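Fold and geometry: a report
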Amino acid sequence: MSFFISNAYAQSTTDILGSSSFLGQYGFLILMFVAMYFLMIRPQQKRAKEQKAMMEALTKGAEVVTAGGVLGKITKIADAYVTLEISSGAELVVQKNAITTVLPNGTLKSL
């Protein structure tokens, strides 16, 4: 009856590369986290910092573009909101976060 029972052998402690060190076992995982940081997290933090600097530098009279594509000139600035003059006599109140780009002065007159 012993021919139905197979022998049990211990598994080796080496991985595919043939090393059993910490770096050999977790090196790929560490490399993936480093790559994700430099390819995804760091650029996003850089863009957020640039956006924050642009929001703090907004001044009355600056020409801007909103996230919805509306072009206007800033007439009033509050803590969270900005009033834009989109045409003579027509004003629009938008959140500061909705402003995506500051245009060079004189851009609205050329359109």
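Anyway, here's the lowdown on the structure attached to this text. These numbers come from a predicted model, not from an experiment.

1. Quick word on the nonpolar core
By size, the foremost hydrophobic cluster in this structure holds 10 residues: Met54, Met55, Leu58, Ala62, Val64, Ile74, Val82, Leu84, Val94 and Ile99. Mapped by element, the contributors of at least two residues to this core are helix 1 (22–56) and strand 3 (81–87). In this structure, Ile99 is in contact with Gln51, Met54, Met55, Leu58, Val64, Val65, Thr66 and Val82, ignoring residues within four places of it in sequence.

2. So, helix 1
Taking the largest bend as the criterion, helix 1 deviates by roughly 40 degrees, centred on Tyr37. Elements in contact with the buried residues of helix 1: strand 5 (99–103).

3. Quick look at the sheet that holds strand 5
Judged by pairing direction, the sheet is antiparallel, and its five strands sit side by side in the order 4-3-2-1-5 without closing on themselves. Each edge of the open sheet is held by one strand with a lone partner, namely strand 4 (90–95) and strand 5. Taken over all neighbouring pairs, the strand axes of this sheet differ in orientation by 45 degrees on average, direction set aside. Note that strand 2 (residues 71–77) and strand 3 share four bridges and pair antiparallel. Considered in strand 3, the bridge of Lys76 is made with Thr83.

Definitions and cut-offs
Residues numbered from 1 in each chain as written. Predicted model: local features only at pLDDT ≥ 70, side-chain atom pairs only at ≥ 80, totals over all residues. Heavy atoms only, no water. Core = buried A, V, L, I, M, F, W, Y, C linked by side-chain atoms within 4.5 Å. Buried < 20%, exposed > 50% of the residue type's maximum accessible area, 1.4 Å probe, protein only. Helix = DSSP H or I, 4+ residues; strand = E, 2+ residues; numbered from the N terminus. Contact = heavy atoms within 4.5 Å. Bend = angle between axes of the 7 residues up to and from the residue. Pairing = 2+ DSSP bridges. Axes fitted to C-alpha atoms, helices over the stretch in contact; angles between N-to-C directions.

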